[in-house]
Amino acid sequence: MVSTFAGGKHIESHKQLSRDAAIEPIPLPVEVVIPLSQHTGTICEPLVKKGDRVLTGTKIGQSSNVLSSCVHASISGTVRGIELCPHPVLGQCLAVIIDSDGRDEHDAAIQPRKAAERLSKEELLAIIKEAGIVGMGGAAFPSQVKLNPPKPVDTLIINGVECEPYLTCDFRLMLEKANEILQGIGLLKKTVNVSKVFIGIEEDKPEALRMMRNKIMEKHYPFTVSPLTAKYPQGAEKQLIKAVINREVPPGKLPFDAGVIVSNVGTACAVYEAVFLGKPLYERVVTVTGATVKKPANLNVRIGTRFGDLIRYCQGTTGAAGKIIMGGPMMGLAQFSEDVPVIKGTSGILVLSEAEARQEGEHPCIRCGRCVDVCPMGMIPSALSLCVESGRLDLSSRYNPRDCIECGACTYICPAKRRIVESIRLVKAVMK
Amino acid sequence: MTEKQPAPLTVTSSPHIRSPETTSKIMWTVFVCLIPSGLVSVYVFGFGVLGIILTAVFAAVATEWACCRIQRKTPTIMDGSAVLTGLLLAYNVPPGSPLWMVFLGSFIAIAVGKAVFGGLGCNVFNPALVGRVFLMASFPVLMTRWQAPFKVDAVTAPTPLAIFKDGFSGTNVLAGTDLVQYSYRDLFLGLRGGCIGEACVLALLLGAGYLMIRKYITWHIPLSFIGTVGVFTWIFGGKGLFGGDFLLQIFSGGLILGAFYMATDYVTGPMTRQGQILFGIGCGIITGIVRLWGGYPEGVSYSILLMNAVTPLIDRFMVPRRFGEER
């Protein structure tokens, strides 16, 4: 049976651009820029200084704070400096710049682990922390924190939905690294100590559904694959939980309050690599796509590679780029520059042409109610946008702006082209 | 850091893609869906109808343009909303209406019904109905001078609802006159006296069906509106209870036009589904009351306008269920 949530909207996926492109490694970059903050939480202190030699996988930044995630060198070479550099999320961030020596020499600490199955929960959490693993779906929340909830949970849901249009990195990962993902899920299951594990995948990815089901049957994993309606935002945490196990996370609460932990397939794969191969998170799969990109691809990329290098590897664009987005078109972040580096949360680089990037003018709200229909949180988005437009932020609290997950479905659907979610972000920022 | 950029990149808040639907596309589609009914009217009542339609649309657009100029706003006539208001106003007057009256109706619809509230999206009442009610109050004789089908020489003939009302209320002023007996088939096809756009149920349903397929309107308001009128008049509209001719009530007057094209106006109706059903039921009850016991034979326009006034209240209380809130 295919399940889903209330609201939402099917959006043209554009995934055909890159869904058949197998994950390919790209040549080593000549330099990488590794921001000391790539995650939700405290920025790392650098562990290296200008002139130091580092190896691939060498830890180069960490923080003593609990909510943080350490960072590693993604190539071997020399630290050119530690400077403020462009950052795809923060605008600017202190980053370690490494000049490659072209040898990609691995740190001695990277060793396959024997008897990984016998590791305890605490040992697993320590490995995940040392490997700098964060949620790979985009939010980049430190995994060792998420996987150690303050109250017991009974269910783990693996997010293989990838509901953002254009992106295909999770899809390719499920096809090409199914065994690794399933072993990683086994480790996650042990870490959070749950009995039930579900893998949510949209039904417009039948190959991934089949692959996961076959591998689970082959190896007798105690996991259930849940086919879900292809509808945006099916991959949003709360909507995924609702669809898969019909539980609702109460307003203002987190998934563990409903007894659930949600983790991305990419995260499961990274956990596998960290535990079994001893490999820290220094590379990830990035979808480089867009109608204007000459050869859209799914690339295995070292963290710190600049966006521009990846676009050029995909043979550039047919016309001038109008917009470069980190992530998908619905929730991704538009970039000022193609010099920003890939970070742990970079699932995709979407290039829109100048025509596609053109801004439409806003028109008056005609109260059509489409935003109310699509809102997966049961909000009245138009009312909030009117509060902002009329300068009556004092009225906004009755419309529960904090419930907004900023999926952008209201803004996508609005026939008057109103920038509704932008208004709600403003309300949330002012309310803080 | 952006100095070495070859061409500036657009940086905006997400989402970065938009649906192809636009306000003007919706307005123009509704306009096109109303055309079949107008064509039937031209066929049944003659070419004079076309003059009325063109006058009403022209007056509405001209008024919109003038109001935008006076209010120093960018003219919004291309969004199709003024054209639609003009067309609906024309559909709400009798076929023999003088053009000056139609012009005045359209002017009031846009100027008083819409512009004074702040233009598109801000008006409380359906503009076309504001225009119609203004004309009803100001020119009651002209607004109830009906034309019999296929008799262009302005032979007046009572509408089916007027005939019903006359009998139901016991006034019997029409008794003894040479009454046309309308069959359901005549009513369905539009071969009866009435306003320009309301007569042909078939043509109206064709357009409404398309609007539903495109999801521009949903069943909630029309079905609850028409259903309530049907049930209400079935219960109270006959001799004794449960004996009313509800089919006559549904197919007569402006119910089909009102329920599918005017009660469904986004701006003046509720936004949530539950609210829309409540709105439709309210419209249905008021229509039924006016038709059976009110001073006029027809009550669709009053019912919609009254419910328009209640809409903000409905929207305040009929809200969607908050995700995660206890049921």
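Please read all numbers here as calculations on a predicted model, not as lab measurements.

Participant: Tell me what's going on with the environment of R327(B), and back it up with residues and numbers.
Facilitator: As for its placement among the helices and strands, R327(B) is situated in the segment after α13 (300–317). The class of R327(B) is exposed, set by a relative accessible area of 76%. For the pair R327(B) and D315(B), spaced 12 residues apart in sequence, the C-alpha separation works out to 20 Å. In this structure, R327(B) is in contact with K242(A), E248(A) and R321(B), ignoring residues within four places of it in sequence.

Participant: Would you mind going over the interface of chain B and chain A in detail, with residue names and values included?
Facilitator: Taken together, the 42 residues of chain B in the interface contact 65 residues of chain A. Summed over both sides, the interface of chain B with chain A buries roughly 4,500 Å², with 55% coming from carbon and sulfur. A per-residue breakdown of the area chain B buries against chain A is headed by R18(B), M271(B) and F323(B), which together make up 19% of the total. Seen at the junction of chain B and chain A, the total is four salt bridges. One salt bridge in this structure joins R321(B) and E248(A), with 2.4 Å as the shortest N-O distance. Across the chain B-chain A interface, the total number found is 22 residue pairs in polar contact (both at pLDDT 80 or more). Mapped by element, the contributors of at least two residues to the side of chain B that touches chain A are α1 (23–45) and α13 of chain B. The greatest single-element share of the side of chain B that touches chain A, amounting to three residues, is contributed by α13(B). Partitioned by chemical class, the residues of the side of chain B that touches chain A number 16 nonpolar, 15 polar and 11 charged.

Participant: Before we move on, can you summarise the pairing of strand β2 (residues 31–35) of chain A with the specific residues and values?
Facilitator: Residues and elements named next belong to chain A. With five of five residues buried, β2 lies mostly within the body of the structure. Side chains of β2 alternate between two faces, with E31, V33 and P35 and V32 and I34 buried alike. Across five bridges, the pairing between β2 and strand β8 (residues 91–100) is antiparallel. Note that in β8 the partner of P35 across the bridge is A95.

Participant: So, the environment of V44(B): which residues are in play, and what are the values?
Facilitator: Residue and element names in this part refer to chain B. Summarising the element assignment, V44 is placed in helix α1. Its relative accessible area of 3% is what places V44 among the buried residues. For the pair V44 and T218, spaced 174 residues apart in sequence, the C-alpha to C-alpha distance is 30 Å. Excluding residues within four positions of it along the chain, V44 makes contact with P149, F150, G190 and L191.

Conventions used here
- Residue numbers here run from 1 along each chain, matching the order of that chain's written sequence.
- Chains carry letters and ligands carry numbers; both start at the beginning, A for chains and 1 for ligands, and go up in the order they are written.
- For a predicted model such as this one, the threshold for reporting local features is a pLDDT of at least 70, and the threshold for listing and counting side-chain atom pairs is 80 or more; totals across whole chains, interfaces and linings nevertheless cover every residue.
- Computation of side-chain values covers all heavy atoms of the structure but excludes hydrogens and water.
- Note on conventions: DSSP H or I runs of at least 4 residues are helices, E runs of at least 2 residues are strands, and numbering of each starts at the N terminus.
- Burial classification: accessible surface area is computed with a 1.4 Å probe over protein chains only, and a residue below 20% of its type maximum counts as buried, one above 50% as exposed, and the rest as partly exposed.
- When checking whether two residues touch, look at their non-hydrogen atoms; a contact exists if any pair is within 4.5 Å.
- In this description, buried area is defined as the sum, over both parts, of the accessible area (probe of 1.4 Å) that is lost when the two are combined.
- What counts as a salt bridge is simple: a side-chain nitrogen of Lys or Arg found within 4 Å of a carboxyl oxygen of Asp or Glu.
- The term polar contact refers here to a pair of N or O atoms within 3.5 Å; inside protein, the definition further demands a hydrogen-donor-capable atom paired with an acceptor-capable atom, and it admits residues adjacent in sequence only when both atoms are side-chain atoms.
- In this classification, Asp, Glu, Lys and Arg are treated as charged, Ala, Val, Leu, Ile, Met, Phe, Trp, Tyr, Cys and Pro as nonpolar, and every other residue, Gly included, as polar.
- For two strands to count as paired, DSSP must find a minimum of two bridges between them.

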